[in-house]
Amino acid sequence: MGDKVGAVMGTDEQVQVVLAAGRAAGEQHWPMPIPEEMKERITSSKVADLLQHDWVRWGGGLYASAFLREFTGGLPWAHLDIAGKEMNLGSPYGHVPAGATGFGVTTLVEIARSLAEGRSRD
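Just so you know, the residues in each chain are numbered from 1, in the order the chain's sequence is written. Per-residue local features are limited, in this predicted model, to residues with pLDDT of at least 70; the limit for side-chain atom pairs, both in listing and counting, is 80 or more; totals at the level of whole chains, interfaces and linings are taken over all residues. To obtain the side-chain values, all non-hydrogen atoms of the structure were used and water was disregarded.

## Focus on the pattern of salt bridges
Here is step 1 of the chain: Just to be clear on terms, a salt bridge is a Lys or Arg side-chain nitrogen sitting within 4 Å of an Asp or Glu carboxyl oxygen. For the structure shown, the criterion picks out 2 salt bridges.
Here is step 2 of the chain: We note a salt bridge from E70 to K39, for which the minimum N-O separation is 3.0 Å. Note that E70 is positioned in the loop between α3 (60-69) and β3 (78-81) and K39 in helix α2 (residues 37-42), a separation of 31 residues in sequence.
Here is step 3 of the chain: In this scheme, a residue with accessible area under 20% of its type's maximum is buried, one over 50% is exposed, and one in between is partly exposed, where area comes from a 1.4 Å probe on protein chains only. On the basis of relative accessibility, which here comes to 30%, the residue E70 falls in the partly exposed class.
Here is step 4 of the chain: Classification of K39 as partly exposed rests on a relative accessible area of 34%.
Here is step 5 of the chain: For E110, the salt bridge identified is with R113, shortest N-O distance 3.1 Å. With a gap of 3 residues between them, E110 and R113 both fall in helix α4 (residues 105-116), about one helical turn apart.
Here is step 6 of the chain: Note on E110: relative accessible area 10%, which makes it buried. Each helix corresponds to a stretch of at least 4 residues labelled H or I by DSSP, and each strand to a stretch of at least 2 residues labelled E; elements are numbered beginning at the N terminus.

## Notes on the nonpolar core
Here is step 1 of the chain: Judged by nonpolar contacts, A7, M9, I34, M38, I42, L62, Y63, A66, F67 and W77 together constitute the single largest core of 10 residues.
Here is step 2 of the chain: For this core, the element with the highest residue contribution is α3, accounting for 4 residues.
Here is step 3 of the chain: One finds V15, A21, L80 and I111 within the second-largest nonpolar core, a separate group that totals 8 residues. Here, nonpolar core means buried Ala, Val, Leu, Ile, Met, Phe, Trp, Tyr and Cys residues that are tied together by side-chain atoms lying within 4.5 Å of each other.

## A short note on the layout of surface pockets
Once rolled over the atoms, a probe with the size of a water molecule shows which space is left empty.
Here is step 1 of the chain: A cavity, in this analysis, means grid points on a 1 Å lattice covering only the protein atoms where a 1.4 Å probe fits yet has no way out; a pocket is instead an open set bounded by protein on both sides within 12 Å along at least five of seven lines, and a residue lines either one if it has an atom within 4 Å of a point. Grid points are joined across faces, edges and corners, and a volume is the space filled by probe spheres set on the points. Its boundaries defined by the atoms lining it, the largest pocket holds a volume of some 200 Å³.
Here is step 2 of the chain: M1, A7, G59, G61 and D81 are the residues nearest the centre of the largest pocket, which is lined by 13 residues in total.
Here is step 3 of the chain: Those elements that place two or more of their residues in the lining of the largest pocket are β1 (5-10) and α3.
Here is step 4 of the chain: The biggest single contributor to the lining of the largest pocket is α3, with 3 residues.

Below is the structure:
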């Protein structure tokens, strides 16, 4: 997703909550599906019900989301994949400084703020 846009995966309603909070907070997120083949990857262990890690380099955020989905019990949820956005090696832009960015924090603060104000209740 590059160095300025995070991915978000989860239930449709929670993904929309994250996208709206990101817009309000000035952070960009892009909704991503969790491909069904990720289920095969997380259930491929020979000794456990779920495999927390495999050695496939690509699709780490999708893999993590598929793994997390197994523990939600049908509740609304979202996973923010922020890998690659944690450091800004270039010049500052918007509210993002050079160096450590804290990407995702302002989105989470906006979600907490909206919940506290009753704007986003399920």
